[in-house]
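Residue-level listing of the chains:
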Amino acid sequence: MNGLMLVARREITTQIRTKGFVIGLLITALLVAAVSFAPKIFGGPTSYTLGTVNSQQLPLQAAAPDAEVTWRSFPDENAAKKAVLAGDVDAVLVNGTKVISDGEIDSQLGVLLQSVNKESRLGAAGVSIPLLRMESVGADTRYEAARAGIAVVLVLLLFMLLMSQVVMVAMGVVEEKGSRIVEILLSTVRPWQLLGGKIVGLGVLGLINLATIAVVGLLGAVASGLAADFPPGIPGLLAGVLVWFVLGYAFFATLSAALASLVSRQEEVNTVLTPLTMLLMVTYFVAFYATSEPTGTLATVLSYVPPFSSMIMPIRMAAVEVPLWQVGVSMAAMVVAVLVVLSFGATVYQRAVLRTGARLKLGDVLRTR
Amino acid sequence: MLEISELRKRFAGGPDTPNGKVALDGIGFSVRPGEMFGFVGANGAGKTTTMRIVMGVLQADSGSVTWQGKPLGYDERQRFGYMPEERGLYQKMRVAEQIEYFGRLHGLGPAEAKKATDDLLERLGLTERRGDAVQALSLGNQQRVQLAVALVHDPEVLILDEPFSGLDPIAVDALATALQERCRGGVPVIFSSHQLELVERLCDSVGIVSAGRMVATGTVADLRAAESNSLRVVVRNPAPGWADGLPGTVTVAGDRHTLRTDDGDDQEILRRAMKAGHVEHFGIEQPTLTEIFKEAVA
């Protein structure tokens with residue numbers, strides 16, 4: 001265990017000091033902060049500037065409490081037209097009978113004006129209509145949009161983190177194999193310690209990335225007021241994502257190390273990793289599809305199948321409420337898959353990592369010992 | 001005592017070798033504490049494979065390696081120092097950190113590793129370069145770092161595969177001195193080399209390996225004694241036909257006639273030579289290690 005920890009510590013300390021890591025982390029933090037402030041900057045509450053010509057102002061505030069409405073009055077229709085065309089006002093109510101605008105009116109504003117106008121006329125005539133009460137008898141869908149948004153961000157995040165860490169594991173393995181330093185290393189530590197230490201070390205770096213994103217994102221969301229729209233259970237979701245990242249990373253990183261041990265040169269890393277990156281891409285695409293249809297058959301079935309489950313289950317967890325037993329079953333299956341991959345990967349790595357030179361075939365490595 | 005006995009290793013694969021290539025065919029030898037053992041043999045004879053098996057980097061098909069009577073395991077090997085034929089260092093890691101890291105991997109504590117690193121850097125003249133990345137160092141200095149990596153934990157046994165290859169004469173002397181120091185401290189040192197004069201000069205004993213077998217082992221003196229020593233006589237301006245009837249062969253270079261022979265009465269030969277001309281040289285020739293080697297692997 002001591003050997004494994006030493007190897008892991010070296011991975012962390014050497015990587016964390018590189019410019020690439022520091023700059024990457026800073027850029028990630030900035031991006032996340034920007035994203036969490038974006039709704040405030042671009043979205044904001046809707047505001048309208050409206051005008052009147054020979055009309056009364058409509059009581060819009062009651063019907064649309066979120067909207068900011070500014071009223072201006074114009075002496076005649078010509079002055080109002082000019083103001084509309086100049087873009088000073090969004091629309092002008094003329095003589096209480098028509099609304100003029102530059103081009104077709106904003107549909108929300110149109111509906112709003114229409115219905116408020118009706119209501120106030122009816123009210124003036126003494127007719128009062130009670131508002132319809134809306135009630136859902138199905139699942140709580142109040143947070144559907146927020147949940148879907150979080151799911152999309154999650155899938156992208158998991159994919160990018162897995163991809164970058166998995167490639168780093170492969171590069172590290174080839175660095176040691178290509179420079180033959182692995183021969184000295186293997187005379188002092190066992191192959192599983194070397195492999196495990198590398199995977200653990202680079203995994204910790206991935207977690208540092210993930211933690212940075214989570215902390216900056218949450219702080220940003222609180223500061224921008226976006227957090228108010230968050231569904232309940234965010235801390236639980238974050239914990240789940242962490243566990244799924246660890247499982248997915250263990251699966252893909254081990255395979256990556258095993259494949260990388262077949263080659264001796266950095267230039268060959270991409271080629272030898274192709275099957276793995278394809279698998280990761282497919283997982284990503286399926287997971288991305290699942291964000292739009294989190295209750296569909298595909299998403300439901302694949303959320304139990306490793307390694308797809310490592311990305312799809314967190315998506316389902318974010319998008320809808322998943323019963324705990326389902327999460328448990330899916331995690332158990334993934335843990336089994338990780339154990340299988342670990343024993344397979346360690347075998348390949350151990351047999352291949354000292355055989356430098358031309359690229360080895362996986363089949364040959366598995367047959368001979 | 002480090003004992004290597006009856007190691008066999010067959011590598012699978014190879015298109016022209018359906019049953020694989022035999023790398024080691026029952027090789028065996030032993031090295032005492034404080035003994036410097038030179039391991040010589042043609043390329044592909046099995047030197048590197050043997051050393052890799054001793055270091056646990058490869059598994060033998062059969063045979064055993066024992067240190068102080070016990071089979072070697074990871075714990076024992078942690079106290080060995082190893083320099084593989086293919087040198088390897090983390091190019092982007094700093095010199096001192098790299099040496100310390102290997103010290104830790106060999107089981108030193110943090111403070112011990114640091115102290116050992118500082119001492120070694122000082123002795124190898126690398127103190128000023130301690131904070132540099134290895135890739136910024138000259139090849140010679142990288143070799144020194146490589147040596148430091150093998151020595152940092154004050155190893156009980158040193159196994160070095162071609163440690164002298166690619167070194168300039170000054171670096172060769174420096175490395176030789178470092179190895180002799182360790183040897184005097186009671187460490188068995190095994191190194192392989194193609195520089196046979198160097199092996200002859202440094203080593204207490206020599207093993208000649210050929211096609212995965214040990215064809216000769218012993219001290220250089222023992223190996224010489226096993227060879228038939230030849231007599232060499234050099235005569236200047238001898239009378240023509242002076243060597244007629246004497247055994248051996250005569251070569252002529254200018255006015256110098258050289259007679260080499262493995263048998264015959266040396267006193268009789270000397271008398272004949274003195275009668276024929278001016279005897280410049282008369283002596284028993286000891287074969288060089290190169291000659292012994294060529295003879296052994298032939």
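Residues numbered from 1 in each chain as written. Chains lettered and ligands numbered in written order. Predicted model: local features only at pLDDT ≥ 70, side-chain atom pairs only at ≥ 80, totals over all residues.

A. Layout of the sheet that holds strand β2 (residues 68-73) of chain A. All names here are of chain A. Pairing within the open sheet is mixed, and its 4 strands lie in the order β2-β1-β3-β4. At either margin of the open sheet sits one strand with a lone partner, and together these are β2 and β4 (98-101). On average, each strand axis in the sheet is tilted by 25° relative to the strand beside it, whichever way the strands run. Relative to strand β3 (residues 91-94), strand β1 (residues 47-53) runs parallel, the two being bridged by 4 bridges. Note that in β3 the partner of V53 across the bridge is V94. (Pairing = 2+ DSSP bridges. Helix = DSSP H or I, 4+ residues; strand = E, 2+ residues; numbered from the N terminus. Axes fitted to C-alpha atoms, helices over the stretch in contact; angles between N-to-C directions.)

B. The packing of helix α3 (residues 95-105) of chain B against helix α4 (residues 110-124) of chain B, seen in detail. Residue and element names in this part refer to chain B. It is the contact of α3 with α4, at a shortest axis distance of 9 Å, that shows an interaxial angle of 130°. Here α3 is positioned oblique relative to α4, judged by the angle of their axes. Both α3 and α4 take part in a crossing whose hand is right-handed. Every residue of α4 that contacts α3 at A96, I99, E100, G103 and R104 is listed here: A113, K114, A116, T117, L120 and L121. Counted by class, the contact of α3 with α4 contains 6 nonpolar, 2 polar and 3 charged residues. (Parallel < 35°, antiparallel > 145°, perpendicular 65-115°, else oblique. Left-handed = near helix turned anticlockwise from the far one by under 90°. Contact = placed C-beta atoms within 7 Å. Nonpolar A, V, L, I, M, F, W, Y, C, P; charged D, E, K, R; others polar.)

C. A look at helix α8 (residues 191-224) of chain A. Compared with the 50 Å implied by 1.5 Å per residue over 34 residues, the 49 Å span of α8 of chain A between its first and last C-alpha is a close match. Phi turns positive one or two residues past the end of α8 of chain A, at G225 of chain A, with a value near 85°. (Expected span 1.5 Å × (residues − 1).)

D. Region of the structure containing the packing of helix α1 (residues 2-16) of chain A against α8 of chain A. All names here are of chain A. Close contact between α1 and α8 brings their axes to 7 Å; oriented N to C, the two are set at 40°. Compared by their axis directions, α1 and α8 come out oblique. Remark: the crossing between α1 and α8 carries right-handed chirality. Along its contact with α1, which presents G3, L4, M5, L6, V7, A8, R9, E11, I12, Q15 and I16, the element α8 presents Q193, L194, G196, G197, K198, V200, G201, L202, V204 and L205.

E. Quick peek at the confidence of the model for chain B. Residue and element names in this part refer to chain B. Looking at chain B as a whole, the pLDDT averages 87, with 98% of positions reaching at least 70. Taken element by element, chain B is modelled with least confidence in helix α8 (residues 220-226), mean pLDDT 80, and with most confidence in strand β8 (residues 189-192), mean pLDDT 94. Two summary scores accompany this predicted model of the complex, namely pTM at 0.76 and ipTM at 0.78. (pLDDT = per-residue confidence, 0-100.)

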